[in-house]
Each structure stands twice: as C-alpha cells, then as structure tokens.
Amino acid sequence: MKYLDKSILDLLKKGGFVLYARHGQATVGGDQPNLNFQDCFTQRNLSEVGRREAIYFGQMLRYLQIPISSPIVVSPFCRTIETAQLAFPYAHIQIDPMGYEIYKLGGNIPIVEKTNILSNLQSMLERTPPQGMNQVIIAHSFPESVGLGGITNMGMVIVKPKGPGNGYEIIKKLTLEELPLLGSSSN
C-alpha cells in the first residue's frame, strides 16, 4: 500500500493504525536498582517539560481529529502512566507488562530473551485496532535498529498492522514538533 500518495492525516482519520509513542521527558538520572512499579520514587518520572509534552501530544491528536480507541495501552512505569493520564484524561488506561519488556531491550539481556521480546512486540503491533479507530501505546524508546528504533521524548511511530502473523509496516516516525505538520498539506 502506498502512503505517500495520500495525506497521512487522512489515513489516520480513517483509523487502522497503532500509534506507538514514547513517554514525555523524564527527570535526569536512572531508575533505581530496587525498581518497584508501585513506588514512583524508585523510578525516573516525568519532568515539568515532560508533563507539558504529554498534554500537548493529547491536545494535538484531538485537534487533528485522529480517532483513538480505548484503552490506551501503557508500560507499567509511573512516567508512562502519567503521560497517558495527561494526554488522554478521559480515556481508560491499561497497563501492559510488554512495556517493561521493551524497556529491558536497552539493557544487557541474553539474545534468547531479546528475540522473545521482539517476537511479542511483533504480535502486539500486528493487531488491528477497532474499525475506524487507532490504538495508542505509550512506552519506551528502543536501541537504534532494534524494534521501532530510537524515539524522541513524546515522539510517535505510526504503524500499520497487517493482522496476526502477517507483520506490520512502519509508516512514519514523528517527533512531537512534527506532529502539528500532519495538519499541513506538505506531507
């Protein structure tokens, strides 16, 4: 399917895509060795800039009239949950442990575990959203040339699922600053 012939925004308005976004900017430092998903003090959390990015992200999707299905799928980290709550204040949020698996790709893990995580990611990205809707996933960036690759803070990867077992296609990667450009005709 050719996506350059038509405006990406027109396609998004018809639905059928997975919008995989990285959380907003987090505080400096790292997650604690005693990481506990129920204790935000053991994690990096959204900075004030990250909170503003999350709100803006949600506002832009609404302004561009991109239909989003509920629930919003998030990683179990406080920064991804807060990003979703700020971006989509009225949506149901569903925590998916797959987000933690994606986070682990950035560490030193056995190749077998990495292969399993990427296989599970593929299954997740092959699922077609409800008719006329787009599925939002808010999680983490990937190491370069792994999975969806590096993603900027609150950046988004537009993915076209091809159905279970058939893979997916990356349509476009956008930074938060590029998101409003979807509304222009220069796509």
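These numbers were taken from a predicted model, which means no experiment stands behind them. (Residues numbered from 1 in each chain as written. Predicted model: local features only at pLDDT ≥ 70, side-chain atom pairs only at ≥ 80, totals over all residues. Heavy atoms only, no water.)

Undergrad: Which residues make up the sheet that holds strand E2 (residues 72-74), and what are the values?
TA: Strand order in the open sheet formed by 6 strands is E3-E2-E4-E1-E5-E6, with mixed pairing between adjacent strands. Either end of the sheet is taken by a strand with one partner, and the two such strands are strand E3 (93-95) and strand E6 (168-174). The sheet shows a mean angle of 25° between the axes of neighbouring strands, taken without regard to direction. Here E2 pairs with strand E4 (residues 135-139) via 2 bridges, running parallel. (Pairing = 2+ DSSP bridges. Helix = DSSP H or I, 4+ residues; strand = E, 2+ residues; numbered from the N terminus. Axes fitted to C-alpha atoms, helices over the stretch in contact; angles between N-to-C directions.)

Undergrad: Quick one: what's the story with the pairing of strand E1 (residues 18-22), residue by residue and with numbers?
TA: When you tally the buried positions in E1, you get 5 out of 5 residues, the bulk of the element. Here E1 shows no split at all, with Val18, Tyr20 and Arg22 on one side and Leu19 and Ala21 on the other all buried. In this structure, E1 lies alongside E4, joined through 5 bridges in parallel fashion. Its bridge partner lying in E4, Ala21 is registered against Ile138. Here 4 bridges tie E1 to strand E5 (residues 156-161), and the two strands are oriented antiparallel to one another. Each residue of the ladder has a partner; that of Tyr20, found in E5, is Val157. (Buried < 20%, exposed > 50% of the residue type's maximum accessible area, 1.4 Å probe, protein only.)

Undergrad: Summarise the side chain of Arg44; cite the residues concerned and give the values.
TA: Locating Arg44 in the fold gives a position in the loop between E1 and helix H2 (48-63). A polar atom in the side chain of Arg44 sits 3.0 Å from the backbone oxygen of Thr27. (Polar contact = N/O pair within 3.5 Å; in protein donor to acceptor, adjacent residues only side chain to side chain.)

Undergrad: Tell me about the packing of aromatic side chains, and please be specific about residues and values.
TA: Under the criterion given, the structure shown has 7 aromatic pairs. A ring pair is formed by Tyr20 and Phe142, whose centres lie 5.5 Å apart and whose planes are at 45°; its orientation type is tilted. Here the residue Tyr20 occupies a position in strand E1, and Phe142 occupies one in the loop between E4 and E5, the gap between them amounting to 122 residues. Judged on exposure class, the residue Tyr20 and its partner Phe142 are both buried. Seen from their ring centres, Phe77 and Tyr100 are 6.1 Å apart, and the 40° between their planes marks the pair as tilted. (Phe/Tyr/Trp six-rings, centres within 6.5 Å; stacked < 30°, edge-to-face > 60°.)

Undergrad: Go over the environment of Pro33, please, and point to the residues and values.
TA: Take Pro33: it is sitting in the loop between E1 and H2. Using a relative accessible area of 87% as the deciding quantity, one classes Pro33 as exposed.

Undergrad: Could you give me a rundown of the confidence of the model for the chain, with the residues and numbers involved?
TA: Counting all residues, the mean pLDDT for the chain is 92, and 95% of those residues have values of 70 or more. Segment residues 1-5: pLDDT under 50, and 7 contacts once partners within four positions in sequence are set aside and those in other chains are kept. (pLDDT = per-residue confidence, 0-100. Contact = heavy atoms within 4.5 Å.)

Undergrad: I'd love a proper account of the pattern of salt bridges, names of residues and values included.
TA: Applying the stated criterion across every chain yields a total of 5 salt bridges. For Lys104, the salt bridge goes to Glu101, with nearest N and O atoms at 3.5 Å. Here the residue Lys104 and the residue Glu101 both occupy positions in helix H4 (residues 98-104), the gap between them amounting to 3 residues, near one helical turn. In this structure Glu101 comes out as partly exposed when scored by relative accessible area, which is 24%. By sharing partners, the salt bridges in this structure join Glu48, Arg51 and Glu82 into a single network. (Salt bridge = Lys/Arg side-chain N within 4 Å of Asp/Glu carboxyl O.)

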